[in-house]
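Spelled out from the first residue to the last, the chains are:
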Amino acid sequence: DAGVTQSPTHLIKTRGQQVTLRCSPKSGHDTVSWYQQALGQGPQFIFQYYEEEERQRGNFPDRFSGHQFPNYSSELNVNALLLGDSALYLCASSPVQGSNEKLFFGSGTQLSVL
Amino acid sequence: GENVEQHPSTLSVQEGDSAVIKCTYSDSASNYFPWYKQELGKGPQLIIDIRSNVGEKKDQRIAVTLNKTAKHFSLHITETQPEDSAVYFCAASKGGSYIPTFGRGTSLIVHP
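Read on for a plain summary of the structure.

So, how was this worked out
Residues numbered from 1 in each chain as written. Chains lettered and ligands numbered in written order. Predicted model: local features only at pLDDT ≥ 70, side-chain atom pairs only at ≥ 80, totals over all residues. Heavy atoms only, no water. Pairing = 2+ DSSP bridges. Helix = DSSP H or I, 4+ residues; strand = E, 2+ residues; numbered from the N terminus. Axes fitted to C-alpha atoms, helices over the stretch in contact; angles between N-to-C directions. Contact = heavy atoms within 4.5 Å. Buried area = accessible area lost by both parts, 1.4 Å probe. Polar contact = N/O pair within 3.5 Å; in protein donor to acceptor, adjacent residues only side chain to side chain. Nonpolar A, V, L, I, M, F, W, Y, C, P; charged D, E, K, R; others polar. Disulfide = S-S within 2.5 Å. Buried < 20%, exposed > 50% of the residue type's maximum accessible area, 1.4 Å probe, protein only.

### Considerations on the sheet that holds strand 3 (residues 19-24) of chain A
Residues and elements named next belong to chain A.
- Strand order in the open sheet formed by four strands is 1-3-8-7, with antiparallel pairing between adjacent strands. Whereas interior strands pair on both sides, the edge strands pair on one side only; in this sheet they are strand 1 (5-7) and strand 7 (64-68). For this sheet, the mean inter-axis angle between neighbouring strands, taken without regard to orientation, is 20°.
- Relative to strand 3, strand 1 runs antiparallel, the two sharing three bridges. Pairing of Ser7 across the sheet is with Arg22, part of strand 3.

### Some thoughts on the interface of chain A and chain B
- Facing 18 residues of chain A, the contacting portion of chain B comprises 19 residues.
- Here chain A packs against chain B, burying approximately 1,600 Å² in sum over the two surfaces, 53% of which is carbon and sulfur.
- Inspection of the region where chain A meets chain B yields three residue pairs in polar contact (both at pLDDT 80 or more).
- Taken together, the residues that form the side of chain A that touches chain B break down as seven nonpolar, nine polar and two charged.

### Re the state of the cysteines
Residue and element names in this part refer to chain B.
- On inspection of all chains with the given rule, the structure shows two disulfides over all chains.
- Note on cysteine connectivity: Cys23 is disulfide-linked to Cys90, with sulfurs 2.0 Å apart. Because the torsion about its S-S bond is -100°, the bridge between Cys23 and Cys90 counts as left-handed. Taken together, the residues span a long stretch of sequence, with Cys23 in strand 3 (residues 19-25) and Cys90 in strand 9 (residues 86-92) at a distance of 67 residues. We note that Cys23, like Cys90, is buried.

### Re unusual backbone geometry
- That bond from Ser7(A) to Pro8(A) is cis: its omega, -10°, falls within 30 degrees of zero.
- Within the element layout of this structure, Pro8(A) appears in the loop between strand 1 and strand 2 (10-13).
- In the segment running from His7(B) into Pro8(B), the intervening peptide bond is cis, with an omega of -5°.
- Relative to the assigned elements, Pro8(B) resides in the loop between strand 1 (4-7) and strand 2 (10-14).
- One non-glycine residue, Glu52(A), lies in the positive phi region at around 65°.
- Note on placement: Glu52(A) falls in the loop between strand 5 (44-50) and strand 6 (53-57).

### Regarding the sheet that holds strand 7 (residues 62-67) of chain B
Residues and elements named next belong to chain B.
- Strand order in the open sheet formed by five strands is 1-3-8-7-6, with antiparallel pairing between adjacent strands. Single-partner strands in this sheet number two, and they are strand 1 and strand 6 (56-59). Each neighbouring strand pair of the sheet contributes to a mean axis angle of 15°, computed without reference to strand direction.
- Bridge count for strand 6 against strand 7 is four bridges, and the pairing is antiparallel. Counted as the bridge partner of Lys58 is Ala63 from strand 7.

### Regarding the environment of Pro8(B)
All names here are of chain B.
- We classify Pro8 as partly exposed; its relative accessible area is 27%.
- Sequence separation between Pro8 and Ser107 is 99 residues; the distance between their C-alpha atoms is 8.3 Å.
- Leave out the neighbours within four places in its chain, and Pro8 touches Val20, Gly105 and Thr106.

### Some points on the pairing of strand 4 (residues 32-38) of chain B
Residue and element names in this part refer to chain B.
- Within strand 4, seven of the seven residues are buried, leaving the element largely enclosed by the surrounding structure.
- Residues Tyr32, Pro34, Tyr36 and Gln38 of strand 4 are buried on one face, and the alternating residues Phe33, Trp35 and Lys37, pointing to the opposite face, are buried as well.
- Across six bridges, strand 4 lies against strand 5 (residues 45-51) in antiparallel orientation. Residue pairing across strands places Tyr32 opposite Arg51, the latter belonging to strand 5.
- The antiparallel hairpin formed by strand 4 and strand 5 contains six residues in its connecting segment, where Gly41 sits at a positive phi of about 80°.

As structure tokens, then:
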């Protein structure tokens, strides 16, 4: 049983560029959440997708957007990259939106903005 | 919103010793408290969790305690082994959204 998979594993971009990160949830899971983890910090919630809609959002600007596809996979898009966007971006899936709190994380995408 | 404080930031122990990591939370409505272990190059993995209607939970060498009145919860690892070396995160969330707020993490180093 494949767990949560994320791609790419590493990415280098320059300021002002746009980036798309991808996530496939664990089999049987239909809810996907995205987190940003800066070096030495705990994960910070960006947003959560269920039934192809953004259900909840953390304190992140509109430059951060996402999408969920019918097969439950998801994308995180970040526009107009800033140096401060450099971080590990984690995707987490859970079985049922709003009723199961156990999160399963992928290994993340390490984004470096130069 | 919820605020979770975690201490210590670094913990160094000898193999076989016990390790304790402590967290406090601010929102009295929080009712679910998971602990995650993050190894180098990997995402966080849930190792144990506790709900607000339970004071203590144990799973082999790890245990978690919760004091709702003081808004404290702790992770206890006994008979530590080198493979326990990792960063541990506590988190708190509440029913409905179950979006966890994480602490800043504790880097546990177990020396052989």
